Amino acid sequence: MDAVIAVLPGDGIGPEVTHCARNVLSAIAEKYQHNFSFREELIGGVAMEASGEPLPAATIDCCKSSDAVLLGAVGGSKWSDPNAKVRPEQGLLKLRSELEVYANLRPVKIYDELAGTSPLKADVLVGVDMLIVRELTGGIYFGEKTRDATSASDLCTYHTHEIERVVRVAAKLAGARRKKLCSIDKANVLETSRLWRDVTDRLMQQEFADIELETLLVDAAAMHLLSRPADFDVLVTENMFGDILTDEASMLAGSLGMLPSASIGDSTRGLYEPIHGSAPDIAGQGIANPCAAIASAALLLRHSLGLTREAAAVEAAIGDAIAAGARTADIATPNDTTVSTQQMSEEIMRCLN
Ligand code: IPM
Ligand code: MN
């Protein structure tokens, strides 16, 4: 097939890991005889340096005229002054909103060989295989913000249709898995959560009666994710809760460097990015873990291009490289020899062929 893929490397380790993911996509194109063309554009801090804007119009146009978008990371200490008016993160939020990718899929899969890397006991991790669906274009991230000398506010708003569409995505995915959905809110305190719970209960009864629905308050969910992670199948939650819980859940997999994400909406065009940030502390050293970015490329193949077999091949290659002992520093235990970003990705490509 022919596909146009927009590549937005961004800041920090973003360029290093997207470079690897792009190479893997090229290897897939060659092996399965597809024709992928890549178009690189600026986002985040590097875009601000070039044009003053974290999401230039050319980047938006490029993404909108592509079949899928592969993104690295945005942000860095250089741009994190709390009084700055323009920030790299605004570019990412605007992109998510422009592309209308309201459902952010963050699968948490555990590789047996990495159980020793997680701070949790190995027996708690047995059978962990969950998918967290985070609402991505609403809530407190996008509400009105105010700030004066002595006060500040962030408004959190949700509309029924925003809740329905993301819960539908999550419930459909649950239908193809273990048929369990856990909805997470803070309905004992927040009005938006009470709406979330009402809408979810009704929708699930009307459209997904065959899926088991569990409801948890977010504070309890944070605990249950660590005490009984294997019980969860698909989880769905609002934007900020999803941001926080997925960083927590990454510790089940051992490292933030392992978790990919797919942001999808009503069209097939999606945005694919590792859940880790720009990691300025290790940027430019060639030691970042490319697995999350490469696994994000696998999600791109599956969700935007419909290339199921190719996606599975990339995921299997990551698993094989790990089984063969390849370890970047973040997933190494004290006796392991560590490999560089480039070596890790070469090992994954070797396993592909
Ligand atoms: C993420 C990141 C972003 C978010 C930041 C960089 C704006 O933490 O994708 O999880 O909060 O959504
Ligand atoms: Mn985050």
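Residues numbered from 1 in each chain as written. Chains lettered and ligands numbered in written order. Predicted model: local features only at pLDDT ≥ 70, side-chain atom pairs only at ≥ 80, totals over all residues. Heavy atoms only, no water.

Draft legend 1. Up close: the pairing of strand β2 (residues 35–40). Pairing of strand β1 (residues 2–10) with β2, which is carried by 6 bridges, proceeds in the parallel orientation. Considered in β2, the bridge of A6 is made with R39. Once the chain exits β1 it traverses helix α1 (residues 14–32) before rejoining the sheet at β2, and the crossover so formed is right-handed. (Pairing = 2+ DSSP bridges. Helix = DSSP H or I, 4+ residues; strand = E, 2+ residues; numbered from the N terminus. Right-handed = clockwise from strand over helix to strand, strands pointing away.)

Draft legend 2. View of the sheet that holds strand β10 (residues 234–237). What the 10 strands build is an open sheet, ordered β2-β1-β3-β12-β11-β4-β5-β10-β8-β9; its pairing is mixed. The open sheet has two edge strands, β2 and β9 (212–217), and neither has a second partner. Strand-to-strand, the axes of this sheet are offset by a mean angle of 25°, without reference to chain direction. Where strand β4 (residues 103–109) lies against strand β11 (residues 262–264), 3 bridges are found, and the strand directions are antiparallel. The residue of β11 that forms the bridge with N104 is S263. (Axes fitted to C-alpha atoms, helices over the stretch in contact; angles between N-to-C directions.)

Draft legend 3. Geometry of the domain arrangement of the protein chain. Along its sequence, the protein chain is organised into domain 1 (1–102 + 265–353) and domain 2 (104–256). The distance between the C-alpha centroids of domain 1 and domain 2 comes to 23 Å. Note on domain 1 versus domain 2: buried area summed over both sides is about 1,900 Å², and carbon and sulfur give 66% of it. The three residues of domain 1 that bury the most area against domain 2 are R96, Y102 and I275, which together make up 39% of that side's buried surface. At the junction of domain 1 with domain 2, the criterion picks out 0 salt bridges. The tally of links between domain 1 and domain 2 comes to 3 residue pairs in polar contact (both at pLDDT 80 or more). Mapped by element, the contributors of at least two residues to the side of domain 1 that touches domain 2 are α4 (88–98), α10 (291–303) and α11 (308–323). Ranked by the residues each element gives to the side of domain 1 that touches domain 2, the list is headed by α11, at 5 residues. Tallied by class, residues from the side of domain 1 that touches domain 2 come to 11 nonpolar, 6 polar and 4 charged. (Domains from an automatic or database assignment. Buried area = accessible area lost by both parts, 1.4 Å probe. Salt bridge = Lys/Arg side-chain N within 4 Å of Asp/Glu carboxyl O. Polar contact = N/O pair within 3.5 Å; in protein donor to acceptor, adjacent residues only side chain to side chain. Nonpolar A, V, L, I, M, F, W, Y, C, P; charged D, E, K, R; others polar.)

Draft legend 4. Expanded view of the site of ligand 1. Around ligand 1, a shell composed of E89, R96, R106, R134, Y141 and D243 is seen. At 2.8 Å from an oxygen atom of ligand 1 is found a side-chain nitrogen or oxygen belonging to R134. Coverage of ligand 1 by the protein amounts to 79% of the 320 Å² it exposes when considered alone. In terms of residue class, the shell around ligand 1 is made up of 1 nonpolar, no polar and 5 charged. (Near = heavy atom within 4 Å. Areas by Shrake-Rupley, 256 points an atom, 1.4 Å probe, with all protein chains shown as cover.)

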